[in-house]
Structures are given as C-alpha cells and as structure tokens.
Amino acid sequence: MSALDSRPVPAWLLKWIAVPALTTALYTIYIARREALRRSKAIAYSAAFEKEYDYIVVGGGSAGCALAARLSENPNFTVLLIESGPNSLSDARVNIPALFPETQKNELDWNYVTPKQPETRNRPHYWPRGRLLGGCSSTNAMLWVRGSKDDYAIWEKDYGCTGWTWENVLPLFKRIEKMEIPKNELDEEYHGFDGPVRVTRTTGNEPCVWNYIWVRSMEALGVGYGPRGEVDSSKGFTNGTGPGRDYNGKSTYNASVIMSSVADGVRQHTGRAYIAPIIDRKLKTYRPNFTLLSNTMVASIESALDSKSGFLRAIGVKCIPLDAQGNPSGLQRIIRSRREVIVSGGAIGSPQILKLSGIGPAAELRSLGITVVKDLPGVGENLHDHLIVPVSNVDLSKQTYRRTTGAIVKGLYKYATANNGLLTTAGVESTAFVSTPTYLSSYVSKNVETPPPNIQFFALPIAIEGNQLTSIGTNSIEMIPLDHVSLDDLPLDQGFTPKKPISTVFDPVAQAKANVMEQGKYRFSTLVTLVKPQSRGRVTLRSASPFDHPVIDPHYLEHPADVTFLAEGTEIARKVHGKMAQLAPSDPRVRRLGSEELNKSVLTELRRVAYVRFGKDFSDEVLASTRAYSEENVRRLAVTLYHPVGTCKMGAKGDRMTVVSSDELKVVGFSNLRVADASVMPEVTAGNTNAPAIVIGERCADMIRGTW
C-alpha cells in the first residue's frame, strides 16, 4: 500500500459525503413516519365510522365543543363530535390573537356571501364563519361579553322560553369562566374562577393608551348612565381611573377595557378549553369514551318514526369525509346513535342540516326534491345579526396601531419574550353600551322595566387605510340621488354663497372619487354596533346538496328603526370623540385627537341637494351634523359583526315558528334530536355572542344529564 493510500480521508470530504447521506436518511425516516401516521389516522377514521355512539354532536363550534366535553364526563357513555373543518389546535393563525383576519377567506372559513342588500345600497355582504375545531370561537375577535341580564328575561317572558332567566344562566356563565382579571376590577360575585375558558384583559394588560381616554370620555358624557341606560350627562364623571367598570357584572351599562378569551398571549377557543385536554393521551384528563372526527361533512340526519311513542327519532347521521380544502374525499357513510343526536352547526349550518334532513318548511323542501320528514316553518327563519358602522378620527399622537415595520418587529419581540403586546390583541380593546332615544321611546316589552341596550360601542385604535368602504369589507356600492332626504335640521344661517356654482346634476362617479382616504395616517375609530336589530331575514337552501352554500338573506336595515338606531349611535360616538379631544391634553402620553374623517361621498351628494334646495353651500362639518348624513352614512358603511342568530329559535309550544322546545332544546316532533347553538336564540343578546353560545351548549348538557 502506498503512502498515498494510507492517508486519512480529509474532514471536508467526509462532511461533503455525510451531510447529504444524513439528510437523505432523516428525510426517509420522516416520510416513513408521516405515512405511518397517515395510515393510523385512516384506520382510526375508518373505525370511527364503523362504531355506534351513545351521543353524536354535529358541529365542533362554541356550543358543540362545550356540550360534547360535558357529556363525555360520564365514562358510561360514548360521545362522538363531528367537525367539518380541521383540528386546528396548533395553527398559529388561530392561536395568535392578532392573526385572526388570517382565518378568513381560506380553508378555515365557510366564506359565505349574502345576496345584494337593497337597504345597504345594493351591497352583498361577506359573512365569515369558522370551519374548524372551535368554530367561530377560533376565528372571532375574542371579546368576552355576556349580554344584558334583561336579554334572558325577555327570552322567558316575551318568547315563552322557560328556564332561561338571568338566574338560570348566571351559574353557567360562572361555571365556564376562569377569570384572571384582578378581583378589585370586578363585581366578584358575578364571576367564576375555576372554569375551562381563561379570561383576561386585552393585550396582556397593555392596551393602547387611547382606550383610557375613550373610557373616561364615555363616563364624562354619562353614556349609559341614565335610569334606562340612556346618555345622562348629569351622572357623568371625569375622575375615573383604570380600565373602567365591569360590564359583565351588576350592569351592562358600563364602559371598560374589554375582557378577552386570551391568556398567555394565546386564544382560548372552545377547542382549546374543552377538547384539547380530553384528546391528548399523555394527559390524565384524556377520555377514551370521546372521539373527535374532524374534516367530516354531515350531509343529513337519519330518522325514523317510533310507532310506540308517535315521535320521530334520530337514528344516526350521514357523513362524507373531506380533504384539507373541504372537498369530498371518500364515500358517504352512516354513523349510528344509540341515544341522541345534537346539532350544533350554528345559525347557518344548523338550519341547513335540518332542511337537508327533511325538517323545515314543507314547500321549500318539496321544491328541491327533499322528502318531508317534519314540516317546521320556523327552520331558517328569524335570522338577524349585529351591524357595525365606524366613526374615525386622525390620531395626531401616533399612539394607535399601524402595520409599520417597527411596530411588527416590536410586537414580535414582546410576544416572544413576554407573551404580550400588539400580537395579543385583535385590535378591539374597549367597549361600552347605551340605549338611544328612539329605541327607548318605542320599546314595547311589558315584562322588562329596563330594556337591554340597543347600541354597543367598540374602541378600535387601528388605522383604517385606503378606500374607506372597501377597507371594512364593503364594495359594489350603488350611489343613488338623495333628493328625497329631509334637511330640516340643516342650519340655513350657516350657509354661504359658493365661489363657483355647484353642479345640480347627480354624479355617482364624483361621489366614488370623493371617498378615497389619505394613506399613512394614524387613526382612532369607534365602531357603533346595533345589538338590537328589528329586521329579520332567513336562510334557505340553494339545492339539495350539502356542498352548496345556502342562500343567506339577512334583510339588512329593512326595518326603518335599524337605520335610526345606528344613526343615533354614530351621533353619540362623534360626541365621545369630541370629549376625547378635550381630555387628551391631560394625559402626557398623547397630544390630541385630530379631526373626524367624514364620508366624502355622502357629503358630495348632500352638498348638491342642499344647493338645489336652498341655493347655498355648507361646510362639511355642518352637512355632517344633519340626520340625513348620519343615516346615509349608515346605509353605505354598515357591515356585519359576525353575530348571526335565531334560525332554529326556541319558543313556546303554541308558536308555529318554534323549532326547538325551550325546556329541552328538542326539535318539535322528535324524541331525541336537539339543537344547541346560537341558532336557538329567539332574540340576539345585547353584545358579542360567543359566551352566550357556550352557555347554550352547557345548558343543553345539563338537560341531557338530567335524563341519566
């Protein structure tokens, strides 16, 4: 052997040979393990289809997760939870609060769109609904709001829903909460501290400084402090400190930095709070009697007539496996239920599933070739939703949030090192409630002395960029002439002769051009929310296929009171912003709030109408002070707050539009089919609907456990 042959192999050559070999080996192991995992999941998936369960819960959303988890506490019964979307427990888009917009318009979203709504200037409205474990609790803005205690009194006294008073639901609200806000900031006796859903303040107790100015301004004006929840400046005060008063306590009529279902910088959706602990085999809380079947579409409910009782009986569900994008990926199969089927598909999914199962208005079902199992005209009716309208001002102190490079880097650093900061907020950081004058004067309930609020305000310290309409999700607006509007409240003495004549010809193009907002500004907005809408819509089937979206027609603003209520709310919000401008200099962290960003497209048309009618020109501020401006602004800017309810409403037995009984949540005519989600609400609560939806799931679980 030569000396050359005995030389050691150079280290660089060994590295050159070894690294690719190691990479190849690791990749081979990864592929093998992934394939083994895929096969094990497929086997488990197939086994799930072949089993029979005591309880089948259809829909793993806010209510469905809570209900299924509670039922599985009894080891003597098997529980199957079927979710059409993925198990998203590890998805950063879900877990990081600031990324909640990234859960929309993709595979995690049903991507619904309404027909054009005539009263919102012929605009279609995008309706995001969560298609994943946790449902909309995994995609919402995480505000923790119970609604008013009078909401529940109305359910019982006005709609005949026995067992749903505040005294009935308060223990359930306490049971689901793990309140982590300091007790000195709470009405302690109204809260729970050992439940599955962790509740904290927004942004790790570091909300934008403008929130405190906003809360103090609400208090100074007496917003909600009147004897019936109206504005009462005589009861206002300006010496408030801290985050405000507890709106989930003794009274809803309080202004406060929000309570949020976020903890340690992570969203606390019902999948995480209720399901994660019972499906992890490594945890002591694992329950072998519980099965989660994700990425599975329930096409219909199988039922049969029980000849002995005369009632219909749900015997199982017809299911279709889905791929990651929600497309069918397997054969349709039936899973049997020994005891009960509970539908928790939400205000859109639940009526769709019932109708596809032959349960609903007979004429509609027959028109689509669906065999009528039970004629229930109320299925899909009574649809209503919360609408929002923004009021925005320029923030001259630059304390509000903008997506600048510096803000993103700072947010990432604070999130990585302390689990707080910008990435732990959805942007909406404070809230307040009020009853407006027209609402109070027209309120007709004989059973409630103090009605629930009809307007909820949200503080949004985030810059809205670009076109004001498209930035908040509206488009295709129809510009119409406003010659018909009243301008009786226009102060004519403030009119002036224009330097050059104003065109008297209606010009929709000029209106559209006038609406573009200046880029790059810091802005503070108040979102004005109609939480007691009077308009009612419906959900109808487009076809007999579960893969075709239903027709969702909310009939937005068709009741004229809704326009008035929102207009009054925006006028109060503008006064609040005026008070903020007065109070801001007292806080060293801010300078002042700048001018309001008015809707130039509306002003352009009102200026033309005023000139035709009076021969005078008026400033933007004067035109914006009219009710005509407020109402037209509402029609052009109103969009959904994602709170649809009511399409399978519970009610009295004599009400032909009742879908489920209030005492058992059983579908009329069935012995073992229930609905438990926001669709059963006869009237929407005065606030965000996630916490009430979870309570409905808990209440249904108690009803079922009462039969054991």
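Shown above is the structure to which this text applies.
The rules behind the values
- Starting afresh in each chain, residues are numbered from 1 along the sequence in its written order.
- Local features in this predicted model are restricted to residues of pLDDT 70 or higher, and side-chain atom pairs are both shown and tallied only at a pLDDT of 80 or more, whereas totals for entire chains, interfaces and linings draw on every residue.
- Water and hydrogen atoms play no part in the side-chain values, which are based on all heavy atoms of the structure.
- Throughout this description, the term nonpolar core refers to a set of buried Ala, Val, Leu, Ile, Met, Phe, Trp, Tyr and Cys residues connected via side-chain atoms within 4.5 Å.
- A simple rule labels every residue: compare its accessible area, found with a 1.4 Å probe on the protein chains alone, to the largest value its type can have, and call it buried under 20%, exposed over 50%, or partly exposed in between.
- Strands here are runs of E lasting at least two residues and helices are runs of H or I lasting at least four, both read from the DSSP assignment and numbered beginning at the N terminus.
- Note on contacts: a residue pair qualifies if any of its non-hydrogen atoms lie within 4.5 Å across the two residues.
- Between any two strands, pairing holds if DSSP finds at least two bridges.
- A clockwise path from the first strand over the helix to the second, with the strands pointing away from the viewer, defines a right-handed crossover.
- A fitted line through C-alpha atoms serves as each axis, taken over the contacting stretch for helices, and the angle formed by two N-to-C directions is quoted from 0 to 180°.

*Asks:* How should I be thinking about the nonpolar core in this particular structure?
*Replies:* Nonpolar side chains in soluble globular proteins tend to be buried together. Membership of the largest hydrophobic core comes to 94 residues, with the highest contact counts inside it found for Tyr274, Val317, Ile335, Leu665 and Leu673. Counting residues per element, this core draws most heavily on helix 18 (residues 690–705), at 8 residues. Among all residues touching Tyr274, those that are not within four sequence positions of it are Cys65, Ala66, Ala69, Arg70, Ile176, Pro196, Val197, Ile694 and Glu698. Formed by 47 residues, the second largest nonpolar core is a distinct cluster that contains Val223, Ala432, Tyr439 and Val539.

*Asks:* I keep staring at the pairing of strand 1 (residues 52–58) and nothing clicks. Help me out?
*Replies:* Note on strand geometry: in a regular strand, side chains alternate between the two faces of the sheet. Along strand 1, 6 of the 7 residues are buried, which leaves the element largely enclosed by surrounding structure. Taken together, the 6 bridges between strand 1 and strand 14 (residues 333–343) define a ladder with parallel strand orientation. Residue pairing across strands places Tyr53 opposite Ser337, the latter belonging to strand 14. Pairing analysis gives 4 bridges linking strand 1 to strand 2 (residues 79–82), with the strands arranged parallel. Looking across to strand 2, one finds that Tyr55 is bridged to Val79. Taken together, strand 1, helix 2 (residues 62–71) and strand 2 form a β-α-β motif whose crossover is right-handed.

*Asks:* Mind showing me how you'd approach helix 2 here?
*Replies:* Along an α-helix, a turn takes 3.6 residues, which lines up residues three or four apart on a common side. Of all 10 residues in helix 2, 10 are buried, a share of seventy percent or more. Among all positions in helix 2, only Ser62, Ala63, Gly64, Cys65, Ala66, Leu67, Ala68, Ala69, Arg70 and Leu71 are buried.

*Asks:* Would you take a moment to explain the sheet that holds strand 6 (residues 197–201) for this structure?
*Replies:* The strands making up a sheet associate through backbone hydrogen bonding, with each pair oriented either parallel or antiparallel. The strand order across the open sheet formed by 3 strands is 5-6-8, and the pairing between neighbours is mixed. Both edges of this open sheet fall to strand 5 (177–179) and strand 8 (259–260), since each of them pairs with a single strand only. Direction of pairing for strand 5 relative to strand 6: parallel, over a ladder of 3 bridges. Residue pairing in the sheet places Lys178 in a bridge with Arg198 of strand 6. Docked against the sheet, helix 5 (residues 166–176) engages strand 5 and strand 6, running at close to 60° with respect to strand 5.

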